[in-house]
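Chain residues, written in single-letter form:
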Amino acid sequence: MKKILFLFAVMTASVSMAQDLPANPEPGKCYVRCTTPDVYVNETVTLTVKPAYKVLKTVPATFKTVTERVEVKAPGKKLTVIPEKWGTETVTYVSKEGGNTLRITPASFRPSSETVEIKPAYAQWELGASAPDCASGNPDDCRYWCYKGYPAEFTTIDTQVLGADASVSKTPIGSKNASYTKSVLISPARVEEVVIPAEYKTITKTVLDKDAYTTEETVPAVTKTISKEVLKQKGGLTTWKEVECSLVEYQALPISWNLGSATLTPAAKSIIDNRLMPVLAQNPGVKVELASHTDVRGTASSNKDLSERRAKAVADYLISKGINSSLLVANGYGETKTKNRCKEGVTCTEREHAVNRRTEFRLINN
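In this text the structure is predicted, and so the values were computed from the model without any measurement.

Draft legend 1. Spotlight on the sheet that holds strand β20 (residues 251-252). Here four strands make up an open sheet; going across it, the order is β20-β23-β21-β22 and the pairing mixed. Lying at the two open borders of the sheet, with one neighbouring strand each, are β20 and β22 (328-334). Relative to strand β23 (residues 358-364), helix α2 (residues 266-282) is tilted by about 5°, and along the sheet it contacts β20, β21 (287-293) and β23. Across the face of the sheet, helix α3 (residues 300-320) comes into contact with β21, β22 and β23 while running at roughly 160° to β22.

Draft legend 2. Structural view of α2. Here α2 spans 24 Å end to end across 17 residues, near enough to the 24 Å set by a 1.5 Å rise per residue. The principal kink in α2, of about 35°, is found at L276, preceding the proline P278 by one to four residues. For α2, the complete set of buried residues consists of A268, I272, L276, M277, V279 and L280. Contact partners of the buried residues in α2: β21, α3 and β23.

Draft legend 3. Spatial organisation of the packing of aromatic side chains. For the structure shown, the criterion picks out two aromatic pairs. Across from the ring centre of Y200, 4.0 Å away, lies the NZ or CZ of R69, which sits over that ring. One cation-aromatic arrangement involves K337 over Y333; the distance from NZ or CZ to the ring centre is 4.1 Å.

Draft legend 4. The nonpolar core, seen in detail. Counting residues in each nonpolar core, the largest one holds 25 residues, and the members touching the most others are L264, I272, V314 and L318. Within the residue set of this core, elements represented by two or more residues are α2, β21, α3 and β23. The element best represented in this core is α2, accounting for six residues. Apart from the residues within four sequence positions on either side, L264 is in contact with I255, W257, K269, I272, A313, V314 and Y317.

Draft legend 5. Looking closely at the side chain of H353. Here H353 lies in helix α4 (residues 350-356). By relative accessible area, H353 is classed as buried at 5%. Contacts of H353, omitting those with residues within four sequence positions, involve D295, V296, R297, C342 and C348.

Draft legend 6. Region of interest: α3. Between its first and last C-alpha atoms α3 spans 30 Å; for 21 residues at 1.5 Å apiece the expected length is 30 Å, and the two agree. What α3 keeps buried is the set N303, L306, S307, R310, A311, A313, V314, A315, Y317 and L318. Where α3 is buried, its residues meet α2, β21, β22 and β23. Directly beyond the C-terminal end of α3, a positive phi value near 100° is found at G322.

Draft legend 7. Highlighting the environment of A178. Locating A178 in the fold gives a position in strand β14 (residues 176-187). You can call A178 partly exposed: its relative accessible area is 22%. C-alpha separation for the pair A178 and K96, spaced 82 residues apart in sequence, amounts to 8.8 Å. Each residue touching A178, except ones within four places of it in the same chain, is listed here: V91, T92, Y93 and S95.

Draft legend 8. Local environment of the state of the cysteines. In total, this model carries one disulfide according to the counting rule given. Two residues, C342 and C348, share a disulfide whose sulfurs are 2.2 Å apart. On the sign convention where negative means left-handed, the S-S torsion of about -130° between C342 and C348 marks this disulfide as left-handed. In this pair, the class of C342 matches that of C348, namely buried.

Draft legend 9. Structural detail: a nonpolar patch on the surface. Residues L47, V49, V222 and I226 make up a contiguous nonpolar surface patch of roughly 310 Å² in combined accessible area. Among the secondary structure elements, those contributing two or more residues to the nonpolar patch are β3 (39-50) and β18 (222-233). Taking relative accessible area as the criterion, V222 reaches 41% and is therefore assigned partly exposed.

Draft legend 10. Inspection of the environment of E216 at higher detail. Considering the arrangement of structural elements, one finds E216 in strand β17 (residues 213-219). What makes E216 exposed here is its relative accessible area of 53%. Discounting residues that sit within four places of it in the chain, E216 has contacts with K54, V55 and L56.

Draft legend 11. Representation of the packing of α2 against α3 in the model. Interhelical geometry of α2 versus α3 gives an angle of 70° and a closest axis separation of 11 Å. One element, α2, and the other, α3, form an angle in the roughly perpendicular class. Crossing of α2 over α3 shows right-handed handedness. Seen from α2, the contacting residues are K269, I272, D273, L276, M277 and L280; seen from α3, they are V314, Y317 and L318. Residues of the contact of α2 with α3, tallied by class, amount to seven nonpolar, no polar and two charged.

Draft legend 12. Fine view of the pattern of salt bridges. Within the structure shown, the criterion is met by 16 salt bridges. Salt-bridge contacts for K77 lead to E193; the nearest nitrogen and oxygen are separated by 3.6 Å. Of this pair, K77 sits in strand β6 (residues 76-82) while E193 sits in strand β15 (residues 190-196), and the two are 116 residues apart along the sequence. Owing to a relative accessible area of 60%, K77 belongs among the exposed residues under this scheme. Accessibility expressed as a relative area gives 45% for E193, which makes it partly exposed. The partner of R358 in a salt bridge is E360, and the shortest N-O contact between them spans 3.0 Å. A single salt-bridge network, built from bridges that share partners, covers D295, R297, E350 and R357.

Conventions used here
All chains use their own residue numbering, which begins from 1 and follows the written sequence. For a predicted model such as this one, the threshold for reporting local features is a pLDDT of at least 70, and the threshold for listing and counting side-chain atom pairs is 80 or more; totals across whole chains, interfaces and linings nevertheless cover every residue. Just so you know, side-chain values use all the structure's heavy atoms and leave hydrogens and water out. Strands are treated as partners if at least two bridges between them are detected by DSSP. The way it works is that DSSP assigns letters per residue, a run of H or I at least four long becomes a helix, a run of E at least two long becomes a strand, and they are numbered from the N terminus. In this analysis, two residues are considered to be in contact whenever any of their non-hydrogen atoms come within 4.5 Å of each other. Orientation is described by axes fitted as lines to C-alpha atoms, over the contacting stretch for helices, and by angles from 0 to 180 degrees between their N-to-C directions. Multiply 1.5 Å by the residue count of a helix minus one, and that product is the helix's expected span. Two axes are fitted around each residue, one to the seven residues ending there and one to the seven starting there, and the angle between them is reported as the bend at that residue. For every residue, the accessible area (1.4 Å probe, protein chains only) is compared with the maximum for its type, and the residue is labelled buried under 20%, exposed over 50%, or partly exposed between those bounds. A pair of Phe, Tyr and Trp rings is counted when the ring centres sit within 6.5 Å of each other, with Trp represented by its six-membered ring. The angle between the planes then sorts it: under 30 degrees is stacked, over 60 is edge-to-face, the rest tilted. Here, a charge over a ring means that NZ of Lys or CZ of Arg falls within 6 Å of the ring centre while also lying within 35 degrees of the ring normal. We call a set of buried Ala, Val, Leu, Ile, Met, Phe, Trp, Tyr and Cys residues a nonpolar core when their side-chain atoms join them within 4.5 Å. Throughout, disulfides are identified as pairs of cysteine sulfur atoms within 2.5 Å of each other. Here a patch means residues that are over 30% exposed by relative accessible area and free of salt bridges, tied together within 9 Å if like-charged and within 5 Å if nonpolar (Val, Leu, Ile, Met, Phe, Trp, Tyr). Every accessible area reported is derived by Shrake-Rupley at a probe size of 1.4 Å, with residue values counting cover from the shown protein chains alone. Throughout this description, the term salt bridge denotes a Lys or Arg side-chain nitrogen within 4 Å of a carboxyl oxygen of Asp or Glu. Should an angle fall under 35 degrees it is taken as roughly parallel, and over 145 as roughly antiparallel, whereas 65 to 115 is taken as roughly perpendicular and any remaining angle as oblique. For any pair of crossing helices, the crossing counts as left-handed if the nearer helix is rotated counterclockwise from the farther one by less than a right angle, and right-handed if it is rotated clockwise. For this scheme, ten residues count as nonpolar: Ala, Val, Leu, Ile, Met, Phe, Trp, Tyr, Cys and Pro. Four count as charged, namely Asp, Glu, Lys and Arg, and the remainder, Gly too, count as polar.

Below, the structure written as structure tokens:
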């Protein structure tokens, strides 16, 4: 459908007389032509193509063969007297208890010595002899005093030290045992009761395992759910509507698509709710183009298909939010409208490729 944008910066008489233009336009304003569409709502109808019904089945009685052990003679008893039994037992006892003999080892000594200082070292001043060549007539003039030291004096005394102290050692004296024999009761006399067991016989019989009965099975109804459009409001009137001039140019819808995916994430749906839904609510009846683009990586055909699926995913989400499908145009341009230098064979950064992977929208004429 041809898209028409009217920007009335200067109005001429011939333009104002045109029948298909807005009446009384204002300079600098933007208008789009829109047809008031028939308003349809989607309804889901569940039809019963086959009703539920019951199926009754008869299950015959079943029998089983069982064996039963029956008593043919009751049990009885027989009493037997068992006399007492005696035996002998040898008892061992200690006829002489053991003890110990003691041996004393006296203390022993070994020789040693100890050195004792009997006179400490000392020093004293002493007057030396006169010099032989002394020229003085006084003999005390040629003598000198010396501070002379004398060593300490020691003496060594022989001593003894303890080598081993006195000790006692024990030698055991063994004990002696003896024994005697005595009679002991092994078991007292008693009466023993012997049970004569009952006599049994095994018989075979047929018994009812499960009586005949009927089963009831409910076969569920077969339904089919269809979606249909129901006319809510009749349209058809063509009008001109003033819109913001920026909205007739492509506006970014900053959806971050997963690689190779055309599925809207919760974050993408939130962007549509907050960015595009208010524009549609403020401009009822105006048609919007949803345009998706890819970067140049991959084949042209796969990029075209991916961009179309992404544009359609946005349109389907808007329809699910109640937007009339006749007001939505979903276009996928693939890699045909890049916004920078990135072309086939040109090396680009990831950021440059990301510029071309985009989804946009704009208001168009109806």
